[in-house]
Amino acid sequence: MEQRELFKNIRRIEIRTKRLVNDLFSGEYHSTFKGQGMEFEEVRQYQPGDDIRLIDWNVTARTGYPHIKKFREERELSVIFLVDASSSGYFGTRERFKEDTAAELCALLAFSAIKNNDKVGMIIFTDRIEKFVPPKKGRAHVLRLVREILYFEPQGVGTDIAGALEYFNRVIKKKSVVFLISDFLSGEYRKPLQIANRKHDIVAMRISDPREMSFDDVGLIELEDAETGETFVIDTGSTQFRKDFAAQAEADNAALKRSLQLVNVDFIQIITNRSYIVPLINFFRLREKRR
């Protein structure tokens, strides 16, 4: 791809997502992710109406006057994107590929984060760790993340979510908000996900193409598994096949939701031919109600 087209695509995503941040998501993000806790600021003398649970008994005993501890919210967050760059992301039957949707989601959330003075970083993975971009602030850094998702050429083709989470658990020590962005066509990963979620705030975002959920009647078609290279022919003209396929896709999605609920990980379903705005706003508002 020529440099001009590359910059044009990145600029398009920046304009679209920054408009959404300014119009819709900045306040939602701030109210949902308010910081990692309270940080001690100072000790001052007790005043009527102060919470007696905040009395610093050591200072009180030393001075002879009651003093309380003051705290301030630790505002700055680190936001990490774990992005699945396996070959199944290069799939799209409607307006865009799954990887294009992943890039827009990361841009939207990253611009929301830096507007709130948070840092953003990224781990790109397939069946191996492909790239680690440490958390930083700033517009240029966000645009780098978008560029990496769209144009990075991975070495692997498969998906190993467990390996990505194990690597994340080793390299990220500070408590972070983590968006795990994948189609979740992977092997078992519940244990490392559970370990990561004990310290960090994990949000699973599944990106799916509508053809992974149902088929129209278009007769015989040949399909190729993007990760294994295996080809097979299916008869979409069969009513029973279409019914069974849709039922299996629904069952798989329900099983994923149950699995994530068991380890207290939030789940957002994104379909490439539908707007991601409503699922994201619903997620933010649900999280805000739970706070």
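Check the entry above for the structure.
Residues numbered from 1 in each chain as written. Predicted model: local features only at pLDDT ≥ 70, side-chain atom pairs only at ≥ 80, totals over all residues. Heavy atoms only, no water.

1. Here's the deal with the packing of aromatic side chains
Then, in step 1: Going through the model one piece at a time under the given rule, you end up with five aromatic pairs.
Then, in step 2: Measuring from ring centre to ring centre gives 6.1 Å for Phe 132 and Tyr 167, while their planes differ by 80 degrees; the resulting arrangement is edge-to-face. With Phe 132 in strand β5 (residues 129-136) and Tyr 167 in helix α5 (residues 161-171), this residue pair connects regions lying 35 residues apart in the sequence.
Then, in step 3: Where Phe 283 meets Phe 284, the ring centres are 5.4 Å apart and the plane angle is 50 degrees; that geometry is what we call tilted.
Then, in step 4: A relative accessible area of 6% means that Phe 283 is categorised as buried. (Phe/Tyr/Trp six-rings, centres within 6.5 Å; stacked < 30°, edge-to-face > 60°. Helix = DSSP H or I, 4+ residues; strand = E, 2+ residues; numbered from the N terminus. Buried < 20%, exposed > 50% of the residue type's maximum accessible area, 1.4 Å probe, protein only.)

2. Let's talk about the environment of Ile 195
Then, in step 1: Looking at the element boundaries, Ile 195 is found in helix α6 (residues 190-199).
Then, in step 2: Judged by its relative accessible area of 40%, Ile 195 falls in the partly exposed class.

3. A word on the sheet that holds strand β4 (residues 119-125)
Through backbone hydrogen bonds, the strands of a sheet pair up, either in parallel or in antiparallel fashion.
Then, in step 1: Reading across the sheet, the six strands line up as β5-β4-β3-β6-β7-β10 and stay open at both edges, with mixed pairing between neighbours. Edge positions in the sheet fall to β5 and β10 (266-271), since each has one partner strand and no second. Strand after strand, the sheet turns through a mean of 15 degrees between neighbouring axes, direction not considered.
Then, in step 2: Along the sheet, helix α4 (residues 139-151) makes contact with β3 (78-84), β4 and β5, crossing β4 at roughly 15 degrees.
Then, in step 3: Each of β7 (201-208) and β10 touches helix α8 (residues 277-290); the most contacted strand, β10, lies at about 165 degrees to it. (Pairing = 2+ DSSP bridges. Axes fitted to C-alpha atoms, helices over the stretch in contact; angles between N-to-C directions. Contact = heavy atoms within 4.5 Å.)

4. A few points about unusual backbone geometry
Then, in step 1: If you check the backbone angles, Asn 117 has positive phi at about 65 degrees while not being a glycine.
Then, in step 2: When you line up the elements, Asn 117 lands in the loop between α3 (98-115) and β4.
Then, in step 3: With relative accessibility at 45%, the residue Asn 117 sits in the partly exposed group.

5. A short note on the pairing of β5
Then, in step 1: Pairing of β4 with β5, which is carried by five bridges, proceeds in the antiparallel orientation. Residue Ile 124 lies in a different strand from β5, and its bridge partner there is Lys 131.

6. Points about the environment of Met 122
Then, in step 1: For Met 122, the position within the fold is in strand β4.
Then, in step 2: Residue Met 122 is classed as buried on the basis of its relative accessible area, which comes to 0%.
Then, in step 3: Note: C-alpha distance between Met 122 and Glu 148 (26 residues apart in sequence) is 9.5 Å.
Then, in step 4: Sequence-distant contacts of Met 122, that is, excluding residues within four places in its chain, are made with Phe 81, Val 83, Lys 131, Phe 132, Val 133, Leu 145, Glu 148 and Ile 149.

7. Details of the pairing of β3
Then, in step 1: Of all the seven residues making up β3, seven are buried; the element is thus mostly covered by neighbouring parts of the structure.
Then, in step 2: A two-sided burial pattern is seen for β3, the buried positions comprising Ser 78, Ile 80, Leu 82 and Asp 84 on one face and Val 79, Phe 81 and Val 83 on the other.
Then, in step 3: In terms of strand pairing, β3 meets β4 through seven bridges, oriented parallel. The partner of Asp 84 across the bridge, within β4, is Phe 125.
Then, in step 4: For β3 and strand β6 (residues 177-182), the ladder comprises five bridges, and the chain directions are parallel.

8. A few points about α5
Then, in step 1: Considered for burial, the residues of α5 that qualify are Ile 161, Ala 162, Gly 163, Ala 164, Leu 165, Tyr 167 and Phe 168.
Then, in step 2: Those residues of α5 that are buried are in contact with β3, β4, β5, β6 and α6.
Then, in step 3: Residue Asp 160 occupies the N-cap position of α5, its side-chain oxygen lying 3.4 Å from the main-chain nitrogen of Ala 162. (Polar contact = N/O pair within 3.5 Å; in protein donor to acceptor, adjacent residues only side chain to side chain.)

9. Let's talk about the nonpolar core
Then, in step 1: Phe 81, Phe 179, Met 205 and Leu 280 are the most contacted members of the largest nonpolar core, which totals 47 residues.
Then, in step 2: By residue number, the principal contributor to this core is α3, which donates 10 residues.
Then, in step 3: Excluding its chain neighbours within four sequence positions, the residues that come into contact with Phe 179 are Phe 33, Val 79, Ile 80, Phe 81, Leu 82, Leu 109, Val 203 and Met 205.
Then, in step 4: Core analysis: the next-biggest nonpolar cluster, separate from the first, contains 23 residues, Leu 180, Tyr 189, Ala 204 and Val 263 among them. (Core = buried A, V, L, I, M, F, W, Y, C linked by side-chain atoms within 4.5 Å.)

10. Describing the side chain of Ser 182
Then, in step 1: Relative to the helices and strands, Ser 182 is located in strand β6.
Then, in step 2: A distance of 2.8 Å separates a polar atom in the side chain of Ser 182 from the backbone nitrogen of Phe 184.
Then, in step 3: The contact partners of Ser 182, leaving out residues within four places of it in the chain, are Asp 84, Thr 159, Ile 161, Met 205, Arg 206 and Ile 207.

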